[in-house]
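Coordinate inspection notes
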Amino acid sequence: MEIFYEITPLKKKLAALKSQSKKIGFVATMGALHAGHISLVETSNRENDITVVSIFVNPTQFNNKEDLEKYPRNTEADIRLLEDNECDIVFIPSVEEMYPEEDTRVFELGSVAEVMEGKFRPGHFNGVCQIVSKLLDIISPDNAYFGQKDYQQIAVVKAMVKKYMPKFKGNIVPCPIKREADGLALSSRNSHLNPEQRKSAVLISKTLFKVKEMSDNGATQKEITDFVKKNIATDANLCLEYVEIADKDTLLPVEGNLPVNAVVCVTVFDGSTRLIDNILL
Ligand code: PAF
């Protein structure tokens, strides 16, 4: 496995690989890697000749300074994990390397970036678009893999690529959510939970699994959102920020009877840790 800290040598290496017609897969991460990230690496390994993983805690996507400072970092363990899982190239740039000057680009993507996380974390998706567009531009992968836990992020990245990167010919590939045995969606933020909060967190996925059952039995949008609010409120550690039932492509809210192509997204504070999860109906 080769490690790169700078853009120029990484680009040179990738150009040499591409000249040998090697297919490149890419997984963008902010480090603190877990089995969810590794499942993306495994998929990339299966579908490409070379897998590139980036580790970069992107400051422009944090709308809260404390959240950025608190974000878990463990680069040495990340490198070992990637080595053990047959990653070929790791890119670990500094903030100065990625942002030699302030990135003032504003991505206008309409409602897909304005609802849910867009509403509760203003500026978050603009920062995601800034960094993802830079990374896709540098690496120019054939396939870029993103986990569906960040369901809206995938829709935003797809919209950004379509509108702002017409020359990008790679695929944005969504990958299923990885869960712990008890259902909790894997997230770097889970490491912030104390044992009691970790126990409480299970109620989030349990609620979503029940929602799927309700929807299969014909429940309406209102019945489902009422149920989520009530169920999450039964645990004193949990505080629901939002529950939204949205069209799985446009992410616009769905009302009344549910179509099959909807996604239920929730954001829940478990103590001070903000957790997101979703389920496709
Ligand atoms: O999903 C993440 O970890 C980040 O938003 C990403 C895609 C690596 C961009 O910083």
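Relevant structure appears above.
Below: a short report on this structure. Because the structure is predicted, anything quoted here is derived from the model rather than measured.

Right, let's talk about helix H2 (residues 35-47) for a bit. Across its 13 residues, H2 extends 18 Å between first and last C-alpha, which sits within 8% of the 18 Å expected from 1.5 Å per residue. If you check which residues of H2 are buried, you get Gly-36, His-37, Ile-38, Ser-39, Leu-40, Val-41, Thr-43 and Ser-44. Close packing links the buried residues of H2 with strand E2 (24-29), strand E3 (50-55), helix H4 (75-84), strand E5 (143-147) and strand E6 (171-175).

Take the packing of aromatic side chains next. Here the structure, examined in full by the defined rule, presents four aromatic pairs. Ring geometry for Phe-56 versus Tyr-99: centroids 6.3 Å apart, planes at 40°, classification tilted. Separated by 43 residues along the polypeptide, Phe-56 in the loop between E3 and helix H3 (65-70) and Tyr-99 in the loop between helix H5 (95-98) and helix H6 (111-114) bring together distant segments of the chain. Summarising the burial analysis for this pair, Phe-56 and Tyr-99 share the class buried. A ring pair is formed by Phe-120 and Tyr-242, whose centres lie 5.0 Å apart and whose planes are at 25°; its orientation type is stacked. Note that Phe-120 is positioned in helix H7 (residues 117-120) and Tyr-242 in strand E7 (residues 238-247), a separation of 122 residues in sequence. Classification of Phe-120 as partly exposed rests on a relative accessible area of 32%.

Even without glycine at this site, Ala-32 takes up a positive phi of about 50°. Within the secondary structure, Ala-32 sits in the loop between E2 and H2. Despite not being glycine, Ser-140 shows a phi value in the positive range, around 45°. If you trace the backbone, Ser-140 turns up in the loop between helix H8 (124-139) and E5. Since its relative accessible area comes to 37%, Ser-140 is described here as partly exposed.

Looking now at the pattern of salt bridges. Considering all chains together, one arrives at 13 salt bridges under this definition. Arg-105 serves as the salt-bridge partner of Asp-103, at 2.8 Å between the closest nitrogen and oxygen. Residue Asp-103 is classed as buried on the basis of its relative accessible area, which comes to 13%. Accessibility expressed as a relative area gives 34% for Arg-105, which makes it partly exposed. Across the salt bridge formed by Lys-248 and Asp-249, the nearest N and O atoms sit 3.5 Å from each other. Overall, Lys-248 belongs to the partly exposed group, its relative accessible area being 31%. Given a relative accessible area of 51%, Asp-249 falls into the exposed group. Where salt bridges share partners, they join Asp-67, Arg-121 and Arg-189 into one cluster.

Counting buried positions over the 10 residues of E7 gives seven, a clear majority of the element. In this structure, E7 lies alongside strand E8 (residues 262-270), joined through nine bridges in antiparallel fashion. Bridge pairing links Glu-244 to Cys-265 in E8.

Another point: the pairing of E8. In terms of burial, E8 is a largely internal element, eight of the nine residues being buried. Examined bridge by bridge, E8 and strand E9 (residues 273-280) share eight bridges and lie antiparallel to one another. The residue bridging Val-263 from the neighbouring strand is Leu-280, located in E9. Linkage of E8 to E9, two consecutive antiparallel strands, is achieved through a turn of two residues, within which Gly-271 is found at a positive phi near 65°.

The rules behind each value
- Residues numbered from 1 in each chain as written.
- Predicted model: local features only at pLDDT ≥ 70, side-chain atom pairs only at ≥ 80, totals over all residues.
- Heavy atoms only, no water.
- Helix = DSSP H or I, 4+ residues; strand = E, 2+ residues; numbered from the N terminus.
- Expected span 1.5 Å × (residues − 1).
- Buried < 20%, exposed > 50% of the residue type's maximum accessible area, 1.4 Å probe, protein only.
- Contact = heavy atoms within 4.5 Å.
- Phe/Tyr/Trp six-rings, centres within 6.5 Å; stacked < 30°, edge-to-face > 60°.
- Salt bridge = Lys/Arg side-chain N within 4 Å of Asp/Glu carboxyl O.
- Pairing = 2+ DSSP bridges.

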